[in-house]
Amino acid sequence: MFLLKFDWNPISGIDIIGNFKLHFYSMMWIIAFLLGWYIMKRIFIKEKIKLEYLDPLFIYTVFATMLGARLGHVIFYQSELISQDFFSIFLPFRFHPEFEFTGFQGLASHGAAIGIIIGMYLYRRKYKYKTLMWILDRVVIPVASGAIFIRIGNFINSEIIGKITDSAFGVRFIQDQYGPGEAMQLTGMQNPKAAYDAIASNPQFQELLQEVPYRHPAQLYEAFCYVFVFLILWYFYTKTSKANQSGFLFGLFLVLLWTIRLFVEFVKEPQGDEYITLMGLNTGQMLSVPFILIGFYFMFVYKPKNQTA
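Residues numbered from 1 in each chain as written. Predicted model: local features only at pLDDT ≥ 70, side-chain atom pairs only at ≥ 80, totals over all residues. Heavy atoms only, no water.

Student: Quick question: what am I supposed to make of the pairing of strand β6 (residues 170-173) here?
Tutor: One face of the sheet, then the other: side chains in a regular strand alternate in exactly this way. On β6, burial covers both faces: Gly 170 and Arg 172 on one face and Val 171 and Phe 173 on the other are all buried. Where strand β1 (residues 5-8) and β6 come together, 4 bridges link them in parallel fashion. Residue pairing for β6: Trp 8 is matched across the bridge by Phe 173. (Buried < 20%, exposed > 50% of the residue type's maximum accessible area, 1.4 Å probe, protein only. Helix = DSSP H or I, 4+ residues; strand = E, 2+ residues; numbered from the N terminus. Pairing = 2+ DSSP bridges.)

Student: For this particular structure, what's the right way to read a nonpolar patch on the surface?
Tutor: A grouping of Leu 67, Leu 71, Ile 75, Ile 82, Phe 86 and Phe 90 is seen on the molecular surface, where their side chains present a nonpolar patch of about 570 Å² in accessible area. At 3 residues, helix α2 (residues 54-76) tops the list of elements feeding residues into the nonpolar patch. On the secondary structure map, Leu 71 appears in helix α2. (Patch = residues over 30% accessible without salt bridge, like charges linked within 9 Å, V, L, I, M, F, W, Y side chains within 5 Å. Areas by Shrake-Rupley, 256 points an atom, 1.4 Å probe, with all protein chains shown as cover. Salt bridge = Lys/Arg side-chain N within 4 Å of Asp/Glu carboxyl O.)

Student: I'm lost on the nonpolar core in this one. Help?
Tutor: Among soluble globular proteins, nonpolar side chains are generally buried collectively. In terms of nonpolar packing, the biggest core is built from 50 residues, with Phe 44, Met 120, Tyr 129, Leu 233 and Phe 253 touching the most fellow members. Contributing elements (two or more residues each) for this core: α1 (24-46), α2, α4 (109-126), α5 (132-156), α10 (218-239), α11 (248-264) and α12 (283-300). Element by element, the count of residues in this core is highest for α11, at 12 residues. Each residue touching Leu 233, except ones within four places of it in the same chain, is listed here: Val 140, Ile 141, Ala 144, Leu 249, Leu 252 and Phe 253. Formed by 11 residues, the second largest nonpolar core is a distinct cluster that contains Tyr 196, Ala 198, Phe 205 and Leu 209. (Core = buried A, V, L, I, M, F, W, Y, C linked by side-chain atoms within 4.5 Å. Contact = heavy atoms within 4.5 Å.)

Student: Explain α10 here, please?
Tutor: Given 3.6 residues per helical turn, the α-helix brings residues three or four places apart onto the same face. With 22 residues, α10 should reach 32 Å at 1.5 Å per residue; the first-to-last C-alpha distance of 31 Å fits that figure. Turning to α10, its buried residues number three or more, namely Ala 218, Gln 219, Glu 222, Ala 223, Tyr 226, Val 229, Phe 230, Leu 233 and Tyr 237. Across the axial projection of α10, the buried residues extend over an arc of 120°, all falling on one side. Set apart from the buried face of α10 by more than 90 degrees, the exposed residues are Phe 224 and Lys 239. Those residues of α10 hidden inside the fold are in contact with α1, α5, β6 and α11. (Expected span 1.5 Å × (residues − 1). Arc of directions from axis to C-beta.)

Student: Explain the side chain of Ser 158 to me, please; I cannot follow it from the model alone.
Tutor: When you line up the elements, Ser 158 lands in the loop between α5 and β6. By relative accessible area, Ser 158 is classed as buried at 5%. With residues near it in sequence (within four places) discarded, Ser 158 still touches Trp 8, Phe 173, Gln 175, Asp 176 and Gln 219.

Student: What's the story with the packing of α4 against α12 in this structure? I'm lost.
Tutor: When two helices pack together, you describe them by how their axes are tilted relative to each other and by the distance separating the axes. It is at 10 Å that the axes of α4 and α12 come closest, and there the two elements cross at 30°. Classified by the angle their axes make, α4 and α12 are roughly parallel. Here His 110, Ala 113 and Ile 114 of α4 come into contact with α12, specifically with Gly 284, Leu 287, Ser 288 and Phe 291. Residue classes in the contact of α4 with α12 are distributed as 4 nonpolar, 3 polar and no charged. (Axes fitted to C-alpha atoms, helices over the stretch in contact; angles between N-to-C directions. Parallel < 35°, antiparallel > 145°, perpendicular 65-115°, else oblique. Nonpolar A, V, L, I, M, F, W, Y, C, P; charged D, E, K, R; others polar.)

Student: Got a minute to help me understand the environment of Lys 268 in this structure?
Tutor: With respect to the helices, strands and loops of the structure, Lys 268 is situated in the loop between α11 and α12. Assessed through its relative accessible area of 1%, Lys 268 is described here as buried. Along the chain, Lys 268 and Pro 217 lie 51 residues apart, while their C-alpha atoms are 8.7 Å from each other. Beyond its immediate stretch of four places on either side in the chain, Lys 268 contacts Arg 151, Ile 160, Ile 161, Gly 162, Lys 163, Ala 218, Glu 222 and Arg 261. Of note is the side chain of Lys 268, whose polar atom sits 2.5 Å from the side chain of Glu 222. (Polar contact = N/O pair within 3.5 Å; in protein donor to acceptor, adjacent residues only side chain to side chain.)

Student: Explain α11 to me, please; I cannot follow it from the model alone.
Tutor: Between its first and last C-alpha atoms α11 spans 24 Å; for 17 residues at 1.5 Å apiece the expected length is 24 Å, and the two agree. Of all 17 residues making up α11, 14 are buried, and the element is well covered by its neighbours.

Student: Hey, could you run me through the packing of aromatic side chains in this one?
Tutor: What characterises a pair of aromatic rings is the spacing of the ring centres plus the angle enclosed by the ring planes. Taken as a whole, this structure holds 27 aromatic pairs when the rule is applied. Taking 6.2 Å as the distance between ring centres and 80° as the angle between the ring planes, the aromatic pair formed by Tyr 123 and Tyr 129 counts as edge-to-face. Classification of Tyr 129 by relative accessible area gives buried; the value is 18%. Relative to Phe 298, the ring of Phe 250 lies with its centre 5.2 Å away and its plane at 75°, an arrangement referred to as edge-to-face. Remark: Phe 298 occurs in helix α12 and Phe 250 occurs in helix α11; sequence separation between them is 48 residues. You'll find Phe 250 and Phe 298 in the same group, each marked buried. One aromatic cluster in this structure is built from Phe 44, Tyr 53, Tyr 60, Tyr 123, Tyr 127, Tyr 129 and Trp 134. If you follow Lys 5 out to its NZ or CZ, it ends over the ring of Tyr 214, 4.9 Å from the centre. The ring of Phe 248 is capped by Lys 242, whose NZ or CZ atom sits 4.7 Å from the centre of that ring. (Phe/Tyr/Trp six-rings, centres within 6.5 Å; stacked < 30°, edge-to-face > 60°. Lys NZ or Arg CZ within 6 Å of the ring centre and 35° of its normal.)

Below, the structure written as structure tokens:
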């Protein structure tokens, strides 16, 4: 039973110079995008689409995802940044209370989804080799694979943590329990890494470790489930005729991914201020419901009016 419980105290990145650090979370985003590019390349080759359209699609997807995810987080969870630290919304830096290179942080998947849809619409307006629904039906496949790595990055960062649990499976997120300054103050260490290591392994600070509760590794729950979302989409695309049903794969993606998100939210801690709540559902769940309903619409109701839109 104890093998199913463990402490999580990793380094979050590689120090380069000064306040600059190569965050593993940022690396997970890079892996997600590169893998997505490779999957879309296979799709383009399979369907005999000119590869000259691939790189622009990649660029549109990257910018749409990052901008949508960032704005989504600010709008849905951290709107105070608009007045307190406006430039940190668009730049990988924090200016308040002190300057710090933060990399990719504070990103919301709901915003990313909206951003991707808008981005694909703008891409389709310029490159008209296929319909918008054709693009959406196929781009969701690499998006599903990328979601796996994003949640792994969240786990590495000890963010989007789960609620406290008494079950046999749990993780103690030491870096979430104690901020860097607090950890140094409590241990007397001169840097955060040494302070966290002391809490994790030094018997002198055993009481501090005991104060860290076991929590659901909600990030890993999602990452594990997203593996199956990707595999199911890939199966329907490669092994069935559903790839030819306009809107089906896009709808299936919305239903699968946001249903997972809806249920995993029950074991997650709030990611910020809960601006949207109803009937016991939190912001993440309330935002997931419309995506699920839209997904069912595209799977079972949607009929394209023509093949050029």
